[in-house]
Amino acid sequence: MRTDEHPLALPVGITLDRFIMQNQAAFPHASGELSQLLRDIALAAKVVNREINRAGLIDITGAFGTANVQGESQQKLDVVADIRFIRALTNGGEVAAIVSEERDAIIQTGNRHAHYVVAIDPLDGSSNIDVNVSIGTIFSIYRRVTPAGTEPTEADFLQGGRRQVAAGYVLYGSSTMLVYATGHGVNGFTYDHSLGEFFLSHALMQIPQQGRIYSCNEGNRRLFSDGVQQYLDHCHEQHYAGRYIGSLVGDFHRNLLKGGIYLYPPTTALPLGKLRLLYECYPLAYLMEQAGGQAIDGVLDILDIPPQSIHQRSPLYLGSTAMIDELLTFFVQ
Ligand SMILES: O=P(O)(O)OC[C@H]1O[C@](O)(COP(=O)(O)O)[C@@H](O)[C@@H]1O
Ligand SMILES: [Mg+2]
Ligand SMILES: [Mg+2]
């Protein structure tokens, strides 16, 4: 009997580290830089996970008293997660510059020799931080276009969604998961606190083509276009289940597993939508397309939207292909 099949010692599974190494082997010219970058993200995720789990005990709940470039009040955990990810990516040495939701300007890490830049939403679902509801982190990775050795510029971040070389999210929920893709499918890893390791738990995730869940803040209903309002009526007529956590990562993850559609339409208050193209829409669209779903802004595929600025907003509709096709029929009437 092979040792890894012994009933007294069941295998623990494939660690994230081993998975990264196995996948790196598939790219003969790989230098290991992207692999190290992914490990740095996993390390920061473990530290932030620890802070979230004990937030109420170490007084990092509530507002920090400052506002970010979007004019949103920064929660203490927004700031903590921002510092932790920037520190890990800087110390890891593989990232030349970072765009963060919590910082106005590009962060120069000082690693001018590095070949990658990262756009990040350090803490997603800020309105749910203090109420023990799932929250997340979203990241997007590009190979820089400016030469190594020089100071990275906006050009490195405004390459367009289809130039991402990797993207993913961390979900801090009933379990903690890291879900990412590097162009060859979406894989999910569950964190085992007792071993301090992420283990492969969801290989090659695919969203069901059809779903019966819709996720939308219907409190904004009157601010939506007629087409969106008619689509929401259609969801009611079809008795689709309304599920809205208010954390994009949480709503995305559920719909990825069960099938469904997430909508953050433009409103009269936010005519360009609320969500940010570089560190919310592009990375989740990258995952959604590789999981067999669709992501649009109502007209274009999210990944084809030309980027103009680092904190640019966009409407977002993403999920099961059949549900996106159905939504689009309400936009052309
Ligand atoms: O409260 P609203 O308007 O429904 O917005 C909720 C959406 O805004 C977000 O909280 C925006 O993300 P941040 O928390 O990172 O700012 C999404 O996670 C969520 O889907
Ligand atoms: Mg967010
Ligand atoms: Mg955020």
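Note that this is a predicted model, so its numbers are computed, not measured. Each chain has its residues counted from 1, following the order in which its sequence is written. Whichever chain is written first becomes A and whichever ligand is written first becomes 1, with later ones labelled in order. In keeping with the model being predicted, local features are shown solely for residues with a pLDDT of at least 70 and side-chain atom pairs are shown and tallied solely at 80 or more, while totals for entire chains, interfaces and linings include all residues. Only heavy atoms go into the side-chain values, all of them from the structure, while hydrogens and water stay out.

A. Spatial organisation of the coordination of the magnesium ion (ligand 2). Because no water is among the atoms considered, metal sites can look incomplete, with donors defined as N, O and S atoms within 2.8 Å of the metal, or 3.2 Å for Na, K and Ca. Surrounding the magnesium ion (ligand 2) are the protein donor atoms Asp121 (OD), Asp124 (OD) and Glu280 (OE), at 1.9 to 2.1 Å. The sequence pattern formed by the donor residues of the magnesium ion (ligand 2) is D-x2-D-x155-E.

B. Just the packing of helix 2 (residues 33-53) against helix 3 (residues 76-92), in detail. Two elements in contact, helix 2 and helix 3, have axes separated by 9 Å at closest approach and are oriented at 150°. When the axes of helix 2 and helix 3 are compared, the pair comes out roughly antiparallel. Judged by the twist between their axes, the crossing of helix 2 over helix 3 is right-handed. Listed contacts from helix 3 to Gln36, Leu37, Asp40, Ile41, Ala44, Ala45, Val47, Val48, Arg50, Glu51 and Ile52 of helix 2 are Leu77, Val80, Ala81, Arg84, Phe85, Ala88, Leu89 and Gly92. Amino acid classes used here: Ala, Val, Leu, Ile, Met, Phe, Trp, Tyr, Cys and Pro are nonpolar; Asp, Glu, Lys and Arg are charged; the rest, including Gly, are polar. Taken together, the residues of the contact of helix 2 with helix 3 break down into 13 nonpolar, two polar and four charged. As a rule, the C-alpha atoms of each element are fitted with a line to give its axis, helices using only the stretch in contact, and angles between N-to-C directions run from 0 to 180 degrees. Comment: elements are numbered from the N terminus, with helices defined as DSSP H or I runs of at least four residues and strands as E runs of at least two. Just so you know how the angles are binned, under 35 degrees is roughly parallel, over 145 roughly antiparallel, 65 to 115 roughly perpendicular, and the rest oblique. By the definition used in this description, the sense in which the near helix is turned from the far one sets the handedness, with an anticlockwise turn below a right angle giving left-handed and a clockwise turn giving right-handed. Throughout, a contact is declared for two residues whenever any of their heavy atoms are within 4.5 Å.

C. Inspection of the layout of surface pockets at higher detail. Definitions used throughout: a 1 Å grid over protein atoms alone; a cavity as a set of points that fits a 1.4 Å probe which cannot get out; a pocket as an open set with protein on both sides within 12 Å along at least five of seven lines; a lining residue as one with an atom within 4 Å of a point. Grid points are joined across faces, edges and corners, and a volume is the space filled by probe spheres set on the points. Considering only enclosed or pocket space, the largest pocket measures out at about 470 Å³ in volume. Along the walls of the largest pocket sit 23 residues, with Gln24, Phe27, Leu34, Val165 and Thr182 positioned nearest its centre. Residue assignment for the lining of the largest pocket shows that the elements contributing at least two residues are helix 1 (16-24), helix 2 and strand 8 (176-181). When grouped by side-chain class, the residues that make up the lining of the largest pocket number eleven nonpolar, ten polar and two charged. If you go around the second largest pocket, you meet 24 residues; those closest to its centre are Gly125, Ser126, Ser127, Gly246 and Lys274. For the lining of the second largest pocket, the elements supplying multiple residues, two or more each, are strand 5 (116-124), helix 5 (248-258) and strand 13 (261-264). Among the elements that line the lining of the second largest pocket, the one with the most residues is strand 5, at three residues.

D. Molecular detail of the coordination of the magnesium ion (ligand 3). For the magnesium ion (ligand 3), every protein donor is listed as Glu101 (OE), Asp121 (OD) and Leu123 (O), and the spread of their distances is 2.0 to 2.2 Å. Mapping the donors of the magnesium ion (ligand 3) onto the primary sequence yields the spacing E-x19-D-x1-L. Metal-to-metal, the separation of the magnesium ion (ligand 3) and the magnesium ion (ligand 2) is 3.7 Å; aspartate 121 coordinates the two. With glutamate 101 in the loop between strand 3 (95-100) and strand 4 (107-108) and aspartate 121 in strand 5, this pair connects stretches of sequence that are 20 residues apart. Exposure is judged per residue with a 1.4 Å probe applied to protein chains only, and the accessible area is read against the type maximum: over 50% gives exposed, under 20% gives buried, and values in between give partly exposed. Given a relative accessible area of 3%, glutamate 101 falls into the buried group.

E. A look at helix 5. A large share of helix 5 lies buried, amounting to nine of its eleven residues. For helix 5, the set of buried residues is Leu248, Val249, Gly250, Asp251, Phe252, His253, Arg254, Asn255 and Leu256. Once helix 5 finishes, glycine 259 follows within two positions and takes phi at roughly 90°, a positive value.

F. Structural view of the site of ligand 1. Taken together, 18 residues lie around ligand 1, and Asp124, Ser126, Tyr244, Leu248 and Tyr264 are the ones closest in. The term polar contact refers here to a pair of N or O atoms within 3.5 Å; inside protein, the definition further demands a hydrogen-donor-capable atom paired with an acceptor-capable atom, and it admits residues adjacent in sequence only when both atoms are side-chain atoms. At a separation of 2.8 Å, an oxygen atom of ligand 1 approaches a polar side-chain atom of aspartate 124. When ligand 1 is considered free in solution it has 470 Å² of accessible area, and contact with the protein chains removes 88% of it. The site holding ligand 1 turns out to be the second largest pocket. Where the shell around ligand 1 is concerned, the elements lending two or more residues are strand 5 and strand 13. Take the shell around ligand 1: its biggest share by element is three residues, from strand 5. The split of the chain into domains comes from an automatic or database domain assignment. In terms of domain composition, the shell around ligand 1 takes at least three residues from each of domain 1 (12-202) and domain 2 (213-331). Throughout, the term near means that a residue has one or more heavy atoms lying within 4 Å of the molecule or strand in question. Here the accessible surface of atoms and residues is derived via Shrake-Rupley with a 1.4 Å probe, and residues count as covered only by protein chains that are part of the display. More than half of a molecule's atoms within 2 Å of the grid points is what it takes for that molecule to sit in a cavity or pocket.

G. Representation of the UniProt feature "binding site: Mg(2+) 2" (unreviewed entry) in the chain in the model. UniProt positions are given in the numbering used here, feature names are shortened, and annotations may be inferred rather than shown by experiment. According to UniProt, the positions carrying the feature "binding site: Mg(2+) 2" (unreviewed entry) are Asp121, Asp124 and Glu280. The named residues occupy 160 residues along the chain; their greatest pairwise C-alpha distance, 8.7 Å, places them in one compact cluster. Of the annotated positions named here, the second largest pocket is lined by Asp121, Asp124 and Glu280. Setting aside chain neighbours within four positions, we find aspartate 121 in contact with Glu101, Gly136, Thr137, Ile138, Tyr279 and Glu280. The topology assignment puts aspartate 124 in strand 5. Here aspartate 124 is in contact with Ile135, Gly136, Thr137, Ile138, Ser247, Leu248, Val249 and Glu280, once residues within four sequence places are set aside. Here leucine 248 takes part through its backbone nitrogen, which lies 3.1 Å from a polar atom of the side chain of aspartate 124.

H. Layout of the pairing of strand 10 (residues 197-202). In this structure, strand 9 (residues 186-192) lies alongside strand 10, joined through five bridges in antiparallel fashion. Counted as the bridge partner of phenylalanine 189 is leucine 200 from strand 10. Paired strands, as defined in this entry, are two strands with at least two bridges between them according to DSSP. Between strand 9 and the antiparallel strand that follows it, strand 10, lie four residues; glycine 196 among them carries a positive phi value of about 65°.

I. Quick peek at the nonpolar core. Phe157, Tyr169, Phe252, Leu284, Ile302, Leu316 and Leu318 are the most contacted members of the largest nonpolar core, which has 42 residues in total. Counting only domains with at least three residues in this core, you end up with domain 1 (12-202) and domain 2 (213-331). In contact with phenylalanine 252, other than residues within four places in its own chain, are Tyr169, Leu284, Leu287, Met288 and Leu318. Definition used in this section: a nonpolar core is a set of buried Ala, Val, Leu, Ile, Met, Phe, Trp, Tyr and Cys residues joined via side-chain atoms within 4.5 Å. Among the nonpolar cores identified, the runner-up in size contains 40 residues, and Ala55, Leu77, Leu89 and Ile107 belong to it.

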